[in-house]
Amino acid sequence: MTRTLTDEEKKTIYDEVRKFFIEELEVPAEKVTPDARVIDDLGGDSLMYLELVDEFKKKYDVVIEMRIIGQYFQSHPVHTVAQIAQAVCDIVEGGNALIGKKP
Amino acid sequence: MSAATELTLPFAGSVRALDGLPCRAYAAQANVPVDFVEPAGWLTSAEQQSMPRACSGERRREWLGGRLLVKQILLDEGLVDDPCEVEVMADLRGRPSVRRTGCASPLGDCSITHKRGRVAALFTPDAHYRVGIDLEQVSSNFARLESCFMNADDDTSSPSDRALNAAVGWTLREGFSKATGQAFAVLFDGLRCSRDGARWLIQHPSGAVAQGVVEEGRGWITAWVSIRTCILMSMGVFA
């Protein structure tokens, strides 16, 4: 089942993603800008991406197989805070239909 | 006296031949001290310019340490006489690529990992293989997220220690993702880890199989992984 997020909901998700990185990485808030690279600039790692996706799946009650998320990330590489926030929005909106929704 | 012997090696004695992988491979691990200072003459200007823009403190030490370890392997194995004869630069997939300075073809394949001031590097001169490495500190995070990446058919490294078992499963998968250059997307891909004696086999749903060696001690796990370049073709990854 798919859903459509409003601009306000997308903004909320971006703010939540940003808060997640500030807290998990213990970095100053001003460093977590939209174009900050999570691994190279902020010192994040792959497990953190997994943790973030898992957290938002539960928070927004998203039904999606992990392999679908893997396929999405293959075609939509994410490096920055803004890119990962957009990926979370796509996952929340698309669920298991994510790949069909975002060719 | 050669240029190499005139230099002070930053991590002397840390290089060893790694047993258990099908290719000839050399490994090195080190703790990067808080007061670590970049030794002069180890990085080319292109390498210095490639440092991530916000890289400072521990991240900077780790970034430097990983590159110096690769160069130390090459020096110790007699493949170069001077650290600046080679450059360790990111390729288009973001993997480190080691080449003679000014040359296009790689000298071999390498992988670098770092965590909390500890760095490790793996290098193979064998052109038929790619290598990947991951280093993790065992924590409850791995067990908490195991349903996101572990496969029900995975062999266990330590059935009685869930956190250790999940950490081993994660490091093997990370090593696989680094060897293949698939970044973290492949971690969601249904990889399966099984034991073959002392070695681990990491199998991708496409049928591609990598081999890995796991070392653990004092709460740390290191996974050293290699995969034949021709196998990457079956995954749609061009060598």
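Residues numbered from 1 in each chain as written. Chains lettered and ligands numbered in written order. Predicted model: local features only at pLDDT ≥ 70, side-chain atom pairs only at ≥ 80, totals over all residues. Heavy atoms only, no water.

Enquirer: Can you break down the overall build of chain A residue by residue, with the values?
Expert: A tally of helices and strands in chain A yields five helices and zero strands. Order of helices (α) and strands (β) in chain A, N terminus to C terminus: α-α-α-α-α. Computed over its C-alpha atoms, the radius of gyration of chain A comes to 13 Å, within 12% of the 13 Å expected for a compact globule of 103 residues. In terms of principal-axis extent, the alpha carbons of chain A reach across some 40 × 30 × 20 Å. (Helix = DSSP H or I, 4+ residues; strand = E, 2+ residues; numbered from the N terminus. Rg over C-alpha atoms; globule rule 2.2 N^0.38 Å.)

Enquirer: Describe the interface of chain A and chain B, with residues and values.
Expert: A common way to state how big an interface is: give the accessible area lost once the parts meet. Each partner contributes to the interface: chain A provides 22 residues, whereas chain B provides 21 residues. Residue D40 of chain A is joined to R59 of chain B by a salt bridge in which the shortest nitrogen-to-oxygen separation is 3.7 Å. Linking chain A with chain B are four residue pairs in polar contact (both at pLDDT 80 or more). Put simply, the parts of the chain that give the side of chain A that touches chain B at least two residues each are helix 2 (46-59) and helix 3 (66-75) of chain A. Across the side of chain A that touches chain B, the residue classes break down as nine nonpolar, four polar and nine charged. (Contact = heavy atoms within 4.5 Å. Salt bridge = Lys/Arg side-chain N within 4 Å of Asp/Glu carboxyl O. Polar contact = N/O pair within 3.5 Å; in protein donor to acceptor, adjacent residues only side chain to side chain. Nonpolar A, V, L, I, M, F, W, Y, C, P; charged D, E, K, R; others polar.)

Enquirer: Any details on the pattern of salt bridges? Residues and values, ideally.
Expert: Between side chains of opposite charge, pairing is possible as soon as their charged atoms come close. Taken as a whole and judged by the stated rule, the model has 17 salt bridges over all chains. R16 of chain B is the partner of E215 of chain B in a salt bridge, and the nearest nitrogen-oxygen pair spans 2.8 Å. You can see E215 of chain B sitting in strand 10 (residues 209-217) and its partner R16 of chain B sitting in strand 1 (residues 15-17), a full 199 residues away along the chain. The structure contains a network of salt bridges with shared partners spanning R37 and D40 of chain A together with R59 of chain B.

Enquirer: An account of the sheet that holds strand 2 (residues 26-31) of chain B is needed here, citing residue identities and associated values.
Expert: Residue and element names in this part refer to chain B. Spatially, four strands are ordered 1-2-6-5 in an open sheet, and the strand pairing comes out antiparallel. The two strands at the open ends of the sheet, each matched to only one other strand, are strand 1 and strand 5 (109-115). For this sheet, the mean angle separating the axes of adjacent strands, direction not counted, is 15 degrees. Of the strand pairs in this sheet, strand 2 and strand 6 (residues 118-124) are connected by six bridges, and their pairing is antiparallel. What sits directly across from N31, in strand 6, is R118. On the sheet, helix 3 (residues 57-76) packs against strand 1, strand 2, strand 5 and strand 6 and is oriented at approximately 35 degrees with respect to strand 6. (Pairing = 2+ DSSP bridges. Axes fitted to C-alpha atoms, helices over the stretch in contact; angles between N-to-C directions.)

Enquirer: Got a sec to walk through the sheet that holds strand 9 (residues 199-203) of chain B? Specific residues and values, please.
Expert: All names here are of chain B. Spatially, the five strands line up as an open sheet ordered 7-11-10-9-8, and their pairing is antiparallel. With one partner strand each, in any of the chains shown, strand 7 (129-137) and strand 8 (192-196) form the two edges of the open sheet. Pairwise comparison of adjacent strand axes, ignoring direction, gives a mean angle of 25 degrees for this sheet. Sheet analysis places strand 10 next to strand 11 (residues 220-228), joined by seven bridges and oriented antiparallel. Looking at strand 11, one finds that V213 is bridged to W224. The strands that helix 6 (residues 162-180) touches are strand 7, strand 8, strand 9, strand 10 and strand 11; relative to strand 7, the one it contacts most, it runs at about 145 degrees.

Function-wise, these values are silent; they only describe arrangement.
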